[in-house]
Amino acid sequence: MQLSNIKHNEAYLDCVKDLMATEEVESMRRWRHHIMITTYEHSVFVSYIAFRLARRWNCDCRMAARMGLLHDLYLYDSKSVDFGLIKQCFKHPATALENARAITDINSQEENIILSHMWPISTKAPHSKEAWIVNLADKVCSIMEVSCLSRLTWVRQKLPAPCWS
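So, how was this worked out
Residues numbered from 1 in each chain as written. Predicted model: local features only at pLDDT ≥ 70, side-chain atom pairs only at ≥ 80, totals over all residues. Heavy atoms only, no water. Core = buried A, V, L, I, M, F, W, Y, C linked by side-chain atoms within 4.5 Å. Buried < 20%, exposed > 50% of the residue type's maximum accessible area, 1.4 Å probe, protein only. Helix = DSSP H or I, 4+ residues; strand = E, 2+ residues; numbered from the N terminus. Contact = heavy atoms within 4.5 Å. Salt bridge = Lys/Arg side-chain N within 4 Å of Asp/Glu carboxyl O. Patch = residues over 30% accessible without salt bridge, like charges linked within 9 Å, V, L, I, M, F, W, Y side chains within 5 Å. Areas by Shrake-Rupley, 256 points an atom, 1.4 Å probe, with all protein chains shown as cover. Disulfide = S-S within 2.5 Å.

This part covers the nonpolar core. Burial of nonpolar side chains together is a common tendency in soluble globular proteins. Formed by 38 residues in total, the largest nonpolar core has its most connected members in Tyr-12 and Leu-70. Listing elements by their share of this core, those giving two or more residues are helix 1 (3-20), helix 3 (39-56), helix 4 (61-70), helix 5 (84-103), helix 6 (108-115) and helix 7 (129-146). Of all the elements, helix 3 adds the most residues to this core, at nine residues. With residues up to four places along the chain from it excluded, the contact list for Leu-70 reads Leu-19, Val-25, Ala-96, Ala-100, Ile-103, Thr-104, Ile-106 and Ile-114.

Okay, the pattern of salt bridges next. If you walk through the whole model with that rule in mind, you get five salt bridges. Linking Glu-26 and Arg-29 is a salt bridge whose minimum nitrogen-to-oxygen distance equals 2.7 Å. One salt bridge connects Arg-101 with Glu-111, and the closest N-O pair in it is separated by 2.4 Å. With a gap of 10 residues between them, Arg-101 in helix 5 and Glu-111 in helix 6 connect regions that are remote in the sequence.

For the rest of this paragraph, the subject is a nonpolar patch on the surface. A contiguous nonpolar surface patch, about 260 Å² in accessible area, is contributed by Trp-57, Leu-136 and Val-140. With respect to the secondary-structure elements, Trp-57 resides in the loop between helix 3 and helix 4. For Trp-57, a relative accessible area of 43% puts it in the partly exposed group.

The next thing to look at is the state of the cysteines. Here, the word disulfide means a covalent bond between the sulfur atoms of two cysteines. Inspection of every chain in the model, using the stated rule, returns zero disulfides. Cys-15 supplies the cysteine sulfur nearest to Cys-61, a cysteine that is in no disulfide, at a spacing of 5.1 Å.

Right under this line is the structure:
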């Protein structure tokens, strides 16, 4: 791994290590999200991409990393809910926000990041650069996961080890 990646990885882990140590975040490993990806893997992937984008664009990379990690903290098997896939798209951000509030303080900007990550499907629009970044990271990561590109070795080598272990 290149030295610059190690520096980014250490800076990233400093932003999220307290959240990664929680039982709630760890429990996301139980549920599938996109095909072969767990909710945990997806959330860490989004979090890291959001962190890197926010850092590159001089935004709050800590906020982007933390809210990227918590954006899908809904803590249930989305395939077994009785309200269906379409309603899941609209309901899970509010559940994720409620669960995120249980493990850390959330300000109004962070609230918007979690609630708007499904935009334009949802009615909540992103209101900050960091919200737009997490939204973009979520879309990019989702496309990579659904197309199985996230399983490529070169992608995994770029991410911190806790992402895939």
